[in-house]
Structures are given as C-alpha cells and as structure tokens.
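Fold and contact review
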There are 2 protein chains.
Amino acid sequence: MSISELLEIAKLLEKKTSILTYLRSLENILLAVKKSDNFWTIVRYSGEPLNLVAEGLRLLAERNYINFSENKIYLSRKGVEYIKRNGLGSYDYTCDKCKGKGILIENLDEDIVKEFLKIHERRPSAMQEFDQGYVAPEITLARIAFMDSYGDLRGRKVLILGDDDLVSLAIGLTGFAKEIAVIEIDKRLTDYISEISRKYGFDIEIYTRDLREPLPDDLVGRFDTFQTDPPETIKALRLFIGRGIAALHGERCAGYFGLTRIDASLDKWLKFQKMLTNEFKVVITDIVRDFNEYIDWEYLDKMHGWKVAPVKIKPESTWFVSSQYRIETLRGFRGFNEPMIDEDIYVDEELASA
Amino acid sequence: MSISELLEIAKLLEKKTSILTYLRSLENILLAVKKSDNFWTIVRYSGEPLNLVAEGLRLLAERNYINFSENKIYLSRKGVEYIKRNGLGSYDYTCDKCKGKGILIENLDEDIVKEFLKIHERRPSAMQEFDQGYVAPEITLARIAFMDSYGDLRGRKVLILGDDDLVSLAIGLTGFAKEIAVIEIDKRLTDYISEISRKYGFDIEIYTRDLREPLPDDLVGRFDTFQTDPPETIKALRLFIGRGIAALHGERCAGYFGLTRIDASLDKWLKFQKMLTNEFKVVITDIVRDFNEYIDWEYLDKMHGWKVAPVKIKPESTWFVSSQYRIETLRGFRGFNEPMIDEDIYVDEELASA
C-alpha cells in the first residue's frame, strides 16, 4: 500500500498500454472508483484515457487495490487505506445552472431552442464507420451561444467540418451568419441537413466529401469561423483543425472544437498544443472543461473501448465528455491542406471510442 | 466607412503602439463602444490591450467612427453604419449563477466563506510598487474550489507565489492541504497572513522575499500545486510560472494562474503558450475566460493606463478581468530558477495596469 508499489504498477501499465503512465494516473483512477462503481463513469471521473483506465483497473485488482463484483467496481480495503493515508480527494463544484459551461442557452431566443430540439429528434443515428457520436442538442446550442458571445457568428462566414452535431442547422435557425457551409462525409447527414435546410429556407452550402481530400479551392481562405469535433489521433487533429484553419480568410479568425481526455492522454494534448502554437501559429483563447457531453452511441458494444473494458456493463449516465477549445489565428498563421488519402486517421494506442 | 479605411487605421495604430493590430482589433473596439460609454468597460468588452484601445479610440475619433462627449464615448453615425452594414455583433450569455466560472463557491462549507469574507475585510490595500490589484474575495474562494475539483488541494503541498489575493488563508480555512507555503515581497501582506495564520492556528510557511532571487533550496521540487497571478510581461511570466514549476516535485503536478488580455495581446499570449509547451513542457488543461474579477485599486489614477486613457473618468463597474489557466507538468518538464535580479519585470509596450 505504498507509493513505491503504485509506481511499480504505473511502470507495468505503461509497458502494457504504450501510454505514458504516472503515479497520478493511478491516483486519479482510485479516486474515481471511490465516486462510482460503473466503469464508464469511472473513466469520465478519472480524466485518464479509457485504454489506460481499463488495463489499470485490472492491475489494481491484481494488487488488491480494487475488486470487481457483478460487473461493478469497488475500492478494496487497501485502496481505501491508500487514499485515506495520503488524505487525497476531490469535490464537485460544478454549477448546476449552466452545467459548468459558464454560458446559458436560455439566453437564446426560445423559438431557436424549440425548433432545434424538433430537428434533433429525427436526426440519423451515429455510425461507427466515421467515429461518430454526437452531443446532446443543448450542447450544440451552447456551442453557438459560445460563438455568438465572442462575435464569431453575426455577420460571419462559418464553416462546419463534419457536422454530426448539426451545428449548421442551429446556426441557420439564428439567422445570424452571413454564410454557412458544411463538409461531411456521411451522405445520410448531408441529406438530412439539406432536407431541413430546404424546409426552413436556410442557405447552407453542403459538400458530401472526405476531408482527407484537400479542400476545394473556393473554400480555402474564405471563412471567419470554423467548428469541428475531430477524432483525437494526431493525424486526425492535424487534418480537421489544419483544414479548418486553411479555410479561414485571415488573421484574428476563430476556430472551435472539442478535445477529450478519454481518447487522448495529456501527453497527446501537449503534442497537439505544440502543433497549434508552433506549426499553425494560432493562440488558444479558451479551454472549457467537459463542455461537450455526448449522447450514448448505439455501437457502444462494438467499439474498441467495450472490448478492453474489464467489466461488460452499460453506462448508467452520460460518460463521454470533451473540453471545448477556442483558437484565434494570428500574424503568420498557416493551415494544412495537403492530401491525406489512404491514411487511417482513426487508430492509435489511445483511441478507444472508435 | 470601408474595411480598407479601418485597415489603414490598424496600420497606423500598430506603428504608434508597437502592438500588432488587426482589423478585428478595431471591430472589437467598435463593438465594445456599442455596449458601453465608459472607457474601462469598453477596454474589458473589447478583449484588446488597454494601450491599444486607448490610442485606437483616439484614431477612431479622428476618422469620425466614434466621438467623445463629457468624458463618455459614443459611436458616431459612421461607426454605427460600419457595424450595421457588416451585420457584426455579439451577445452576453454568461451564466448569472456562477458568473461564467462554471463552478459554485456555494458548494464550499459556509463557515469557510463567512470566515474568509471577515479576513478579507481587514486586508492591506493594493500597492502600485508591486503591480498589486487583488481579486474579490469570492474569486479567491472560487480559485480554491477549482483546485479542489481537480484533486489538487486535499493531501497536497501547495505553494502560493505572491499572495495579494490571500489564497493561502482561504486554503488554511479548508484544512484540506498537507502543507501551505507563501512567497511574497510585500511585508504588509506577509505580516497580515502571519497574524491571521496564528489567530486561526494555520501552519503556513511564510517567506518575505523577492521572487527575482532563486527559490531557496528547500522549496525547490517539493510541492504538488502552485498558484500565482503574475504581471503579464514575458519576463514576469517566465519568472512567476517558471519558479512555480521549479517548486513542483514531479510529473502531473498542477499550476494555476491568471492571464489577462488587458495587459497582454493575443500575440503575447501565443508567445507565452509557446514558453509553456516548448520551454517548460507543461500542458494547458483549462483556460476559463474572465474567471478573475479584480476589485478596483486605489492607485488607478497613478497607473500607466490612466495616463494613456483618452478620457479621464472613473470605472463604473468591475473592469479588470483575467482568464484562469490550469497547467500540469508532464515527463521531461522543467522550471526556471535562475536569478533575475536588477531586471524590471513590470514594463513592456503592452502593460498598462502597473
């Protein structure tokens, strides 16, 4: 029950998962088990990559820090003692009114909220092929409120790269944007966006297209704002964010996107932040923790995370979350518009939700 | 009233201020004037450096986009037209319950809140000599709630570098931390912290010391968490954050600090983010907009910002804000503990609040 034993487990865990592992990774997992017995909720609370949590729980069980019982997960006496002796703990102070996002969609026109909920109800389901998994409709609305709070919507040209979350339609409802364009690979989605767009009389430019192809010339250097929600491999991040930046028309334009810790360790976050600041030369203005809450996807029991989970049980509540980033382009910025065809952008040692 | 005229003003403004200036800088100023007629509130809403806003307003007045009247600032017809023709605008969606911070101090024990408000009432005033200017007591409490939400307080050793905001005393009231230490240059403050600490029976290690001196050996590599609120020159950022990181005991320890846009352009933010990710090798986990609201300081009319202000009028409400950052150390991180004696850390072309 010593720090040195946990350090030994961390070493082993790092070797097994190829994910950098720290004493704190294991402490975070133990503290999460203290708060919940459900695997998915534990992943969320730990803030560690799912693949690391899954294998970490196995090793912690072998050393008697935790135990599995009827597909639930509990601290063993040794785990309780470790936390207690070191006085560790955390507490949830999340604002219950805005759910920690800091902004309220109640401040949007109520017709926008009502109509968007209607539109969301009939939307196509999430597809594993494209690593889909969409956010709750309130989150899509919170994203556009966030944009509007920064002046990134009114009178602006907005591009959505991958629109699983129907952000384009929510923006359409506001009537604020000067132009809206969408690039989306899934024809079911572009058909749906096109249908609703016609019905409501929005003017949305829709491209059914693989983002690994370079952007068409007339989309490059044209927009004021982009929104995307990429898979968290470094390749996919360079692709989605790089394309988004390439589509912006100049300096001091803005980009919005989610980044989760469930599919990406903080070491991967750092690699990505270096890409943003060094390669793209954009500044990060906001990182809002757990802004995005994803509705459970139907292919859960077919995804990698299910396979590696040490217990096979369904989530009991929203578990997949991501932080919302906002960036701005500055002098000397550059995007990425090279082709990336034939590259598998959905696989690395940390991605579990695809 | 064209974009090309504003671009011309931006060029001139950049030359006058030596701060990179964009079309959007001027649009942000115009949109802020649309929302308020008070200089300080305009600075806050614009999100642009005070020095840029001050000189920018003068140039915009010369070109008839705005006008000054009885120390107030208004859009002229030309300014109104520019905004209208381009359909620009923003809206405030800030959560009224948590004031946009995403966390609630109501979730702290009510005795902690009550006692801290009492302690805060008798605190020494802010001193210009050390670029002081402290946050409202509710913000200090929100900072420790933020730390506690991440598990960075309970059982942890915490160092406060510069404790104008009395964070050490708030942490003392919780009883959560394993150790608390403070480095502060102002003897009035260390005397006060020491007095209260004795009165309440806290065990706070207090150093009255200039941070430009290297940290004493027994503070290096010892803590789990640090908190600081540095002046926004690049030198001061390297000093305060670098010292904080040098005081951390290893990987996956956390640091908290405020960073304003009023004394730092986004270009300076980017420079600083490169320092964090490349030089210190730490990851940014959170950037919470306008988390810190500063109580007005008594030396307002003696600070640089007052001198450059195009109108001489007092603030009408809280105007100085900063975003709260959280960082974590990762493998290979390093701090900065070299001496910096005789360097003036309070001056650059953007710093206006000192």
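Residues numbered from 1 in each chain as written. Chains lettered and ligands numbered in written order. Predicted model: local features only at pLDDT ≥ 70, side-chain atom pairs only at ≥ 80, totals over all residues. Heavy atoms only, no water.

This part is about the overall build of chain A. A tally of helices and strands in chain A yields 12 helices and nine strands. Computed over its C-alpha atoms, the radius of gyration of chain A comes to 21 Å, within 12% of the 20 Å expected for a compact globule of 354 residues. By its C-alpha atoms, chain A is 60 × 40 × 35 Å across when sized along the principal axes. Per-residue burial over chain A gives 63% buried out of 354 residues. In chain A, 75% of the contacts between residues at least 6 apart in sequence involve partners at least 24 apart. If you sum the accessible surface of chain A, you get close to 13100 Å²; carbon and sulfur atoms cover 47% of it. (Helix = DSSP H or I, 4+ residues; strand = E, 2+ residues; numbered from the N terminus. Rg over C-alpha atoms; globule rule 2.2 N^0.38 Å. Buried < 20%, exposed > 50% of the residue type's maximum accessible area, 1.4 Å probe, protein only. Contact = heavy atoms within 4.5 Å. Areas by Shrake-Rupley, 256 points an atom, 1.4 Å probe, with all protein chains shown as cover.)

Chain B puts 64 residues into the contact, and the matching count from chain A is 63 residues. Here chain B packs against chain A, burying approximately 5800 Å² in sum over the two surfaces, 49% of which is carbon and sulfur. Considering only the side of chain B, the residues that lose the most area to chain A are Arg24(B), Tyr93(B) and Arg252(B), jointly responsible for 17% of the buried surface there. In this assembly, chain B and chain A are joined by 12 salt bridges. Across the salt bridge formed by Arg331(B) and Glu14(A), the nearest N and O atoms sit 2.8 Å from each other. Linking chain B with chain A are 36 residue pairs in polar contact (both at pLDDT 80 or more). Among the elements of the structure, α2 (23–35), α7 (137–149), α11 (266–279), β8 (282–293) and β9 (321–329) of chain B are those that each provide at least two residues to the side of chain B that touches chain A. (Buried area = accessible area lost by both parts, 1.4 Å probe. Salt bridge = Lys/Arg side-chain N within 4 Å of Asp/Glu carboxyl O. Polar contact = N/O pair within 3.5 Å; in protein donor to acceptor, adjacent residues only side chain to side chain.)

Since the α-helix advances by 3.6 residues per turn, residues separated by three or four positions end up pointing in the same direction. Residues and elements named next belong to chain B. Helix length check: helix α4 (residues 50–62) (13 residues) gives 19 Å between terminal C-alpha atoms against 18 Å at 1.5 Å per residue, within 8%. Of all 13 residues that make up α4, 11 are buried, and the element is covered over most of its length. Restricting attention to buried positions, one finds in α4 the residues Leu50, Asn51, Leu52, Val53, Ala54, Glu55, Gly56, Leu57, Leu59, Leu60 and Ala61. Buried-residue contacts for α4 involve α1 (3–17), α2, α3 (39–46), β1 (66–69), β2 (72–75) and α12 (304–308). Two residues or fewer after α4 comes Asn64, characterised by a positive phi angle close to 70 degrees. (Expected span 1.5 Å × (residues − 1).)

Residue and element names in this part refer to chain B. Its location among the elements puts Phe291 in strand β8. With 51 residues separating them in the primary sequence, Phe291 and Asp342 have C-alpha atoms 32 Å apart. The residues contacting Phe291, other than those within four sequence positions of it, are Lys101, Ile103, Ile139, Ala142, Arg143, Phe146, Ser322, Ser323 and Gln324.

Residue and element names in this part refer to chain B. Burial runs high along strand β3 (residues 157–161): four of the five residues are buried. As paired strands, β3 and strand β4 (residues 179–184) are joined by five bridges and run parallel to one another. In the strand pairing of β4, Leu161 is matched with Ile183. In this fold, β3 hands off to helix α8 (residues 167–174), which returns the chain to β4; that crossover is right-handed. Here four bridges tie β3 to strand β6 (residues 225–228), and the two strands are oriented parallel to one another. Paired with Leu161 across the strands is Thr228, a residue of β6. (Pairing = 2+ DSSP bridges. Right-handed = clockwise from strand over helix to strand, strands pointing away.)

Turning to the domain arrangement of chain A, a few remarks are in order. Residues and elements named next belong to chain A. When cut into domains, chain A gives domain 1 (3–85) and domain 2 (105–329). Here domain 1 and domain 2 have C-alpha centroids that lie 32 Å from each other. Taken together, the contact pairs 22 residues of domain 1 with 25 residues of domain 2. Sorting the residues of domain 1 by area buried against domain 2 places Trp40, Arg44 and Asn71 first, and these three jointly supply 39% of that buried surface. Our count for the contact surface shared by domain 1 and domain 2 stands at two salt bridges. (Domains from an automatic or database assignment.)

Disulfide: a covalent bond formed between the sulfur atoms of two cysteine residues. Residues and elements named next belong to chain B. For the structure shown, the criterion picks out zero disulfides over all chains. Here Cys95 is not cross-linked by a disulfide; its sulfur's nearest cysteine counterpart is in Cys98, at 3.8 Å. For Cys95, a relative accessible area of 1% gives the class buried. (Disulfide = S-S within 2.5 Å.)

The next subject is the packing of aromatic side chains. Summed over all chains, the structure comprises 28 aromatic pairs over all chains. With 5.7 Å between their ring centres and 80 degrees between their planes, Phe257(B) and Phe272(B) make a pair best called edge-to-face. Taken together, the residues Phe257(B) in strand β7 (residues 254–259) and Phe272(B) in helix α11 connect sequence positions 15 residues apart. The exposure classification of Phe257(B) matches that of Phe272(B), with both residues buried. Taken together through their ring pairs, the aromatic side chains of Phe39(A), Trp40(A), Tyr294(A), Trp306(A), Trp319(A) and Phe320(A) make up a single cluster. Stacked on the ring of Phe176(B), the Lys or Arg Arg154(B) has its end atom at 3.9 Å from the ring centre. Positioned above the aromatic ring of Tyr150(A), the side-chain terminus of Arg289(B) is 3.8 Å from the ring centre. (Phe/Tyr/Trp six-rings, centres within 6.5 Å; stacked < 30°, edge-to-face > 60°. Lys NZ or Arg CZ within 6 Å of the ring centre and 35° of its normal.)

Turning next to the pairing of strand β6 (residues 225–228) of chain A. Residue and element names in this part refer to chain A. Along β6, one buried face is formed by Thr225 and Gln227 and the opposite face, lined by Phe226 and Thr228, is buried too. Relative to strand β7 (residues 254–259), β6 runs parallel, the two sharing four bridges. Bridge pairing in β7 links Thr225 to Ala254. In this fold, the crossover linking β6 to β7 by way of helix α10 (residues 234–246) has right-handed handedness.

We now examine the nonpolar core. Residue and element names in this part refer to chain A. If you look at the biggest cluster of nonpolar residues, it comprises 86 residues, and the most contacted ones within it are Phe39, Ile66 and Ile171. For this core, the element with the highest residue contribution is helix α4 (residues 50–62), accounting for eight residues. Both of domain 1 (3–85) and domain 2 (105–329) provide at least three residues apiece to this core. Apart from the residues within four sequence positions on either side, Phe39 is in contact with Leu50, Val53, Ala54, Leu57, Ile73, Ala309, Pro310 and Val311. (Core = buried A, V, L, I, M, F, W, Y, C linked by side-chain atoms within 4.5 Å.)

Attention shifts here to the packing of α10(A) against helix α11 (residues 266–280) of chain A. Residue and element names in this part refer to chain A. Axis separation between α10 and α11 bottoms out at 11 Å; the angle between their running directions is 30 degrees. The interaxial crossing formed by α10 with α11 has right-handed handedness. Contact with α10, carried on its side by Ile234, Leu237, Arg238, Ile241, Gly242 and Ile245, involves Lys268, Lys271, Phe272, Met275, Leu276, Glu279 and Phe280 of α11 and no other residues of that element. Across the contact of α10 with α11, the residue classes tally to eight nonpolar, one polar and four charged. (Axes fitted to C-alpha atoms, helices over the stretch in contact; angles between N-to-C directions. Left-handed = near helix turned anticlockwise from the far one by under 90°. Nonpolar A, V, L, I, M, F, W, Y, C, P; charged D, E, K, R; others polar.)

Residues and elements named next belong to chain B. Of note, Asn292 is situated in strand β8. Remark: the alpha-carbon pair of Asn292 and Ser323, spanning 31 residues in sequence, is separated by 6.3 Å. Apart from residues lying up to four places away in sequence, Asn292 is in contact with Val135, Ile139, Arg143, Gly258, Phe320, Val321, Ser322, Ser323 and Gln324. Here Arg143 takes part through its side chain, which lies 3.0 Å from a polar atom of the side chain of Asn292.

Superposing chain B onto chain A requires a rotation of 180 degrees together with a translation of 0.0 Å along the rotation axis, leaving an RMSD of 0.0 Å. One copy is carried onto the other by what is essentially a two-fold rotation axis. (Least-squares fit on C-alpha atoms with pLDDT ≥ 70 in both.)

All names here are of chain B. Tracing the backbone shows Phe333 in the segment after β9. Between the alpha carbons of Phe333 and Thr277 there is a distance of 9.1 Å; along the sequence they are 56 residues apart. Excluding anything up to four places from it in sequence, Phe333 contacts Ile245, Leu248, Gly250, Glu251, Phe280, Lys281 and Val282.

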